[in-house]
Amino acid sequence: MRLRSGVFASSCLLVQVLGVALFLRGFFPVPVRSLPRREARGGFPAEPAPPGPGMVSNWTEIPPPLFKKVVIVLIDALRDDFVFGSKGEQFMPYTKQVIEKGTSYSFVAEAKPPTVTMPRIKALMTGSIPGFIDVIVNLNSPALLDDNLIWQAKTAGKRIIFYGDDTWVKLFPKHFVEYDGTTSFFVSDFTEVDDNVTRHLDRVLKREDWDLLILHYLGLDHIGHVTGPNSPLVGTKLREMDNILKKIHISLLSKEEASFPNLLVVCGDHGMSETGSHGGSSAGEVHTPLLFISSAFEKRSGPLTHPELVQQTDLASTLAVGLGLPISRNSVGNLILPVVGGKTMREQLRFVHLNGFQLSRLLQENTPAYEKDPGYEHFKIAEKSHANWIKLYLEGNNSEILLNLGKKVLKQYLEALRTLSSSLSKQVAQYDMYSMMVGTVIIMEVLLLLLLSIPKALSSRAEFEVPLSPPLFSLLFYLVCLMLCAVHVIVCTSSESLCYFCSMSWFTAVGVMMLISALMCGILSAMAKIFDNSRLPVKNPVLSSSSWSEIDVLILAGTVGHVSSLGASSFVEEEHQTWYFLINTLSLVLCQELCKNNFLLKEYDPQHSTTVKQNFGEASEYKNIDIPAADNSKLGKTTTSDEFSRGSDKWLSLASPWIILICCRLLRSLNQTGVQWAHRPDFGHWLTSSEHKSELSFLAAVSLLMIFFLVQRRCSLVSKIAMALGLLGVYSYRAAIGNVIFPWQHGSKDISKGITEARFVYIFVLGIVFSGTKDLLKSQVISSDSGMKSTGLREVYSGLVLLAALLFRPHNLPVLVFCLLIQTMMTKYIWRPLKFNAAQITIMHYWFGQAFFYFQGNSNGIATVDVSAGFVGLESYVEIPAIFLTAFATYAGPLLWAFHLLCYLSSEVSRYCEKHWKADKR
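Residues numbered from 1 in each chain as written. Predicted model: local features only at pLDDT ≥ 70, side-chain atom pairs only at ≥ 80, totals over all residues. Heavy atoms only, no water.

## Focus on the overall build of the protein
(1) Moving on: Across its full length, the protein carries 36 helices and 12 strands.
(2) Moving on: By the burial criterion, 50% of the 922 residues in the protein qualify as buried.
(3) Moving on: Taken as a whole, the protein presents about 44000 Å² of accessible surface, with 62% of it coming from carbon and sulfur. (Helix = DSSP H or I, 4+ residues; strand = E, 2+ residues; numbered from the N terminus. Buried < 20%, exposed > 50% of the residue type's maximum accessible area, 1.4 Å probe, protein only. Areas by Shrake-Rupley, 256 points an atom, 1.4 Å probe, with all protein chains shown as cover.)

## Things to note about the environment of Asp202
(1) Moving on: Mapped onto the elements, Asp202 comes out in helix 9 (residues 201-206).
(2) Moving on: On the basis of relative accessible area, Asp202 is assigned to the partly exposed category, the value being 44%.
(3) Moving on: As a C-alpha pair, Asp202 and Ser251 span 49 residues in sequence and 9.4 Å in three-dimensional space.
(4) Moving on: Within the structure, Asp202 has its side chain in polar contact with the side chain of Lys247 (distance 3.3 Å). (Polar contact = N/O pair within 3.5 Å; in protein donor to acceptor, adjacent residues only side chain to side chain.)

## Description of the side chain of Ser231
(1) Moving on: Within the secondary structure, Ser231 is located in the loop between helix 10 (219-227) and helix 11 (232-255).
(2) Moving on: The class of Ser231 is buried, set by a relative accessible area of 10%.

## Concerning the side chain of Ser421
(1) Moving on: Structurally, the position occupied by Ser421 is in helix 16 (residues 400-428).
(2) Moving on: For Ser421, a relative accessible area of 10% gives the class buried.
(3) Moving on: What Ser421 contacts, discounting residues up to four positions off in sequence, is Val332, Asn334 and Leu359. (Contact = heavy atoms within 4.5 Å.)

## Some thoughts on the environment of Gln427
(1) Moving on: In this structure, Gln427 sits in helix 16.
(2) Moving on: Judged by its relative accessible area of 16%, Gln427 is buried.

## Side note on the state of the cysteines
(1) Moving on: Taken as a whole and assessed by the stated rule, the structure comprises 1 disulfide.
(2) Moving on: Across the disulfide, Cys492 is cross-linked to Cys502 (sulfur-sulfur distance 2.1 Å). Its S-S torsion of approximately -85° makes the covalent link between Cys492 and Cys502 left-handed. Residue Cys492 is located in helix 19 (residues 475-494), and its partner Cys502 is located in helix 20 (residues 500-503); the two are separated by 10 residues in the primary sequence.
(3) Moving on: Of the residues examined, Cys502 reaches a relative accessible area of 22% and is grouped as partly exposed.
(4) Moving on: Here Cys664 stays unpaired: no disulfide links it, and the sulfur of Cys663, its closest cysteine neighbor, is 6.8 Å away. (Disulfide = S-S within 2.5 Å.)

## Overview of unusual backbone geometry
The phi torsion of most residues other than glycine is negative, and most of the peptide bonds are trans.
(1) Moving on: With an omega of 5°, the peptide bond running from Pro113 to Pro114 counts as cis.
(2) Moving on: Following the sequence through the fold, Pro114 ends up in the loop between strand 3 (104-110) and helix 5 (117-126).
(3) Moving on: A positive phi angle, close to 65°, is found at Lys174, a residue other than glycine.

## Thoughts on the pairing of strand 2 (residues 70-75)
(1) Moving on: Among the 6 residues of strand 2, 6 are classified as buried, and the element is accordingly described as predominantly covered.
(2) Moving on: In terms of strand pairing, strand 2 meets strand 6 (residues 212-217) through 6 bridges, oriented parallel. Across the sheet, Leu74 pairs through a bridge with His216, a residue of strand 6.
(3) Moving on: Of the strand pairs in this sheet, strand 2 and strand 7 (residues 263-267) are connected by 5 bridges, and their pairing is parallel. What sits directly across from Ile72, in strand 7, is Val265. (Pairing = 2+ DSSP bridges.)

## Remarks on the confidence of the model for the protein
(1) Moving on: Counting all residues, the mean pLDDT for the protein is 82, and 83% of those residues have values of 70 or more.
(2) Moving on: In the model, residues 457-462 has pLDDT below 50 throughout and makes 11 contacts with residues more than four positions away in sequence or in other chains. (pLDDT = per-residue confidence, 0-100.)

## Quick look at helix 35 (residues 879-890)
(1) Moving on: With 12 residues, helix 35 should reach 16 Å at 1.5 Å per residue; the first-to-last C-alpha distance of 17 Å fits that figure.
(2) Moving on: Listed in full, the buried residues belonging to helix 35 are Ala882, Leu885, Thr886, Phe888, Ala889 and Thr890. (Expected span 1.5 Å × (residues − 1).)

## Focus on the packing of helix 30 (residues 717-736) against helix 31 (residues 755-782)
(1) Moving on: Between helix 30 and helix 31, the least distance of the axes is 8 Å, while the angle of their chain directions is 155°. Here helix 30 is positioned roughly antiparallel relative to helix 31, judged by the angle of their axes. For the pair helix 30 and helix 31, the crossing hand works out as left-handed. Here Ser719, Ala722, Met723, Leu725, Gly726, Gly729, Val730, Ser732, Tyr733 and Ala736 of helix 30 lie close against helix 31, whose contacting residues are Glu757, Ala758, Phe760, Val761, Phe764, Ile768 and Ser771. (Axes fitted to C-alpha atoms, helices over the stretch in contact; angles between N-to-C directions. Parallel < 35°, antiparallel > 145°, perpendicular 65-115°, else oblique. Left-handed = near helix turned anticlockwise from the far one by under 90°.)

## Observations concerning the pattern of salt bridges
(1) Moving on: Using the criterion set out here, one finds 18 salt bridges in the structure.
(2) Moving on: The residue Glu365 makes a salt bridge to Arg329 at a minimum N-O spacing of 3.0 Å. Note that Glu365 is positioned in helix 14 (residues 345-366) and Arg329 in the loop between helix 13 (314-322) and helix 14, a separation of 36 residues in sequence.
(3) Moving on: Given the relative accessible area of 35%, Glu365 is considered partly exposed. (Salt bridge = Lys/Arg side-chain N within 4 Å of Asp/Glu carboxyl O.)

## A short note on a nonpolar patch on the surface
(1) Moving on: The grouping of Val20, Leu24, Phe27, Tyr431, Met433 and Met437 at the surface amounts to a nonpolar patch, some 540 Å² of accessible area in total.
(2) Moving on: Elements represented by at least two residues in the nonpolar patch include exactly helix 1 (5-27) and helix 17 (433-457).
(3) Moving on: In terms of residues, the nonpolar patch owes the most to one element, helix 1, which gives 3 residues.
(4) Moving on: On the secondary structure map, Met437 appears in helix 17. (Patch = residues over 30% accessible without salt bridge, like charges linked within 9 Å, V, L, I, M, F, W, Y side chains within 5 Å.)

## Focus on the sheet that holds strand 2
(1) Moving on: The 8 strands lie next to each other as 5-4-6-2-7-8-3-9, forming an open sheet whose pairing is mixed. Strands at the two margins of the open sheet, each flanked by one partner only, are strand 5 (178-182) and strand 9 (308-311). Going from strand to strand, the sheet's axes swing by 20° on average, the running direction of each strand aside.

## Let's talk about the packing of aromatic side chains
(1) Moving on: Enumeration according to the criterion identifies 24 aromatic pairs in this entry.
(2) Moving on: Centroid distance Phe162 to Phe176: 5.4 Å. Interplanar angle 25°. Geometry classified as stacked. Of this pair, Phe162 sits in strand 4 (residues 160-165) while Phe176 sits in the loop between helix 7 (167-171) and strand 5, and the two are 14 residues apart along the sequence. For the residue pair Phe162 and Phe176, the accessibility class agrees, reading buried in each case. (Phe/Tyr/Trp six-rings, centres within 6.5 Å; stacked < 30°, edge-to-face > 60°.)

## Here's the deal with the environment of Lys122
(1) Moving on: Counting through the fold element by element, Lys122 comes out in helix 5.
(2) Moving on: For the pair formed by Lys122 and Thr313, sequence separation is 191 residues and the distance between their alpha carbons is 9.2 Å.

## What to know about the packing of helix 24 (residues 575-600) against helix 34 (residues 838-855)
Angle between the axes and distance between the axes: these two values describe a pair of packed helices.
(1) Moving on: At their nearest, the axes of helix 24 and helix 34 sit 9 Å apart, and the two run at 135° to each other. On the basis of their axis angle, the class for helix 24 and helix 34 is oblique. When the axes of helix 24 and helix 34 are compared, the crossing they make is left-handed. Judged by residue contacts, Glu575, His576, Trp579, Tyr580, Leu582, Ile583, Leu586 and Leu590 of helix 24 engage Met844, Tyr846, Trp847, Phe848, Gln850, Ala851, Tyr854 and Phe855 from helix 34.

Shown next, in the form of structure tokens:
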């Protein structure tokens, strides 16, 4: 069966999508789930039945609420050191006083990654651990259907009021009797987003028609995204939050009853990294303060100790007990015992028994062998001890023995709760290895088939002989199918955990096994055919020589090594180190190639004809052209390395790899990235500190001048003027928002959002891109002019560089300068003199593009995504432009190198066609 190259590639892509989907289904495990929430309000467990005839506990209902009103103040991106550290002492004096001397309990709540808002709200209200798949739906949160605290409160008749982040309104529609949502994605807004919450406080605190008040403040998170955690704006915002907490606390104290107190809960959904972002697993991102403030607690005395570490999921269980509600059935959290420590021993045992019963039931519904789980065994032991305690209690025993036994039972319950919670939490991170392995096998088979087909794919009209008949009608095919089906039966019948691939129908599973077998047999057939062809006599041994250069060996070894390194999580976290090593090694190998080209090559032999080879796609008609050297001596001189070696170009060429190495070393010092060393200070942190604004301004101005010098060389006059004005607008925008200053600016300037300045730059970006697009359309529609096409691509590239300059933070502008400088030097002094083919140049572009992704300060964690870039020039949150700008700013390095590849290949085709046109004309 013969297939065109496009059909063959499309078929491979579809099979590859199937393998990737199966792999991702195993990689993103389904979190532990209980019954749907409509079935969640079933009967509540009674106290453990005491042993002996005729003895029955009289407590079968859920305990009554402990607090009359509960106010939850969630301050987005509130790090623990903002409250418990030096910033708390300086900017939150009232809160600090309540923690040290008031009636409160303080904890450090640990949030599990991903530390973004929507999954954290789900964790706080359901007690479950959301997966990384929730990051995808964070931008457009659907209604939460799982059992949760808000739904339980509404079902119980509680009146809930909410003000703040509209993610809550999307997650819990029709749950609030009153609400006012504000968008969380417009990170340039520091004040109005919080003022829209605070303006309701005076009116609501005077009313009595509510039971639960939730306030979600976003200003601190926005300040972190734009200016970082060390900005002076952070202190101002913390002081504002302290005044709000003081107002709420005083109001609750003035209206509470002695027997029925109120509760104020202060928490954060996630923390903030040293760059102001979040989403990863650094200490600053996962550790948040958790404060319980109520007159029901004992006043603190004695020296202040470091707050105890609890899990963020513990809040759902604790608030459910405090409000007299059932604990959410999907919760994996533990009751925070000090909050109920003032109650009687029987009440405390009742609370922890309810929590343990809920966790053990969740374990039963998600683990087939739950009876062997240590947590379940501990819970059953504690339940028996609890039953004995109840027997003594009902008999009227009030001695110290009863109290000591109660403390022992309480300790047993707490140990069981910790073990049960740990077992359930591990299931969230338990991968479906079988589904992942099947998906990996499919992916690797398709990749191997594509690699074997690469020699035939170089031509755009290539056709492939797909060996269907031999595999599908061979004994090997059926033997492999039978073996895979046997493995499938063994795995699915012996597995104790749930497996997605095992849950498929047998018809689907057998079809996947047949696909794997067919791909394997097809690969073997293709390899056998290649081996047979290699044994045939070669007609032209000179032209068919396949000796590999050092560049080819490095490219192959680097690619294989990088792919292999992704099998280890530590290499994924520190992937930037791999790319830094590869481009440094590549620069050294290029230096060796340049030395050989300039000093070691033999003189040109005019008695042989010159074979000019080009591998630039569309110019297939010029692939192999024999040019007699005697008749084209002038053309021959221009293409030999001897001509290039004359003059200063020779020494610039030899120095280019070393200049590139110096540039890469400087860029590594600009931004620390990864996981292990991301917290270490770098040159970028030094520049962005408020004490060095003058140095940052000078560096930004010089960088913008260098960008203009490097980009404008091949632009039209109109584009040069637009580029100059656009770069001036970039500096004006950064000055408007307070990042840099003008030389004549001495005093403090009012900080604005820079809307006008940014839109001024957007006009020139669109103008330059439109000019380039017009040339591209002319070259494709009106006349097939490769020169015009090359010019159009360079114009579009210039517009993208201007857009990147606008979106990059000022300290990152040198990254753009070095990107352009390295591209210019490699084009003029390395790629053209050494005459690399298209495949080699493409891989080099890919390597440098990946390295520049990390030079920007990015990593494989979402915490390094600069969300503020998505709102440059926007007055309000607009989804599509915000997503586009954020994605472009994040991947600007790889995108600019990919577009430069198009420009280079197009210019080389244009140069080659122009040379042959002149040769034919002569």
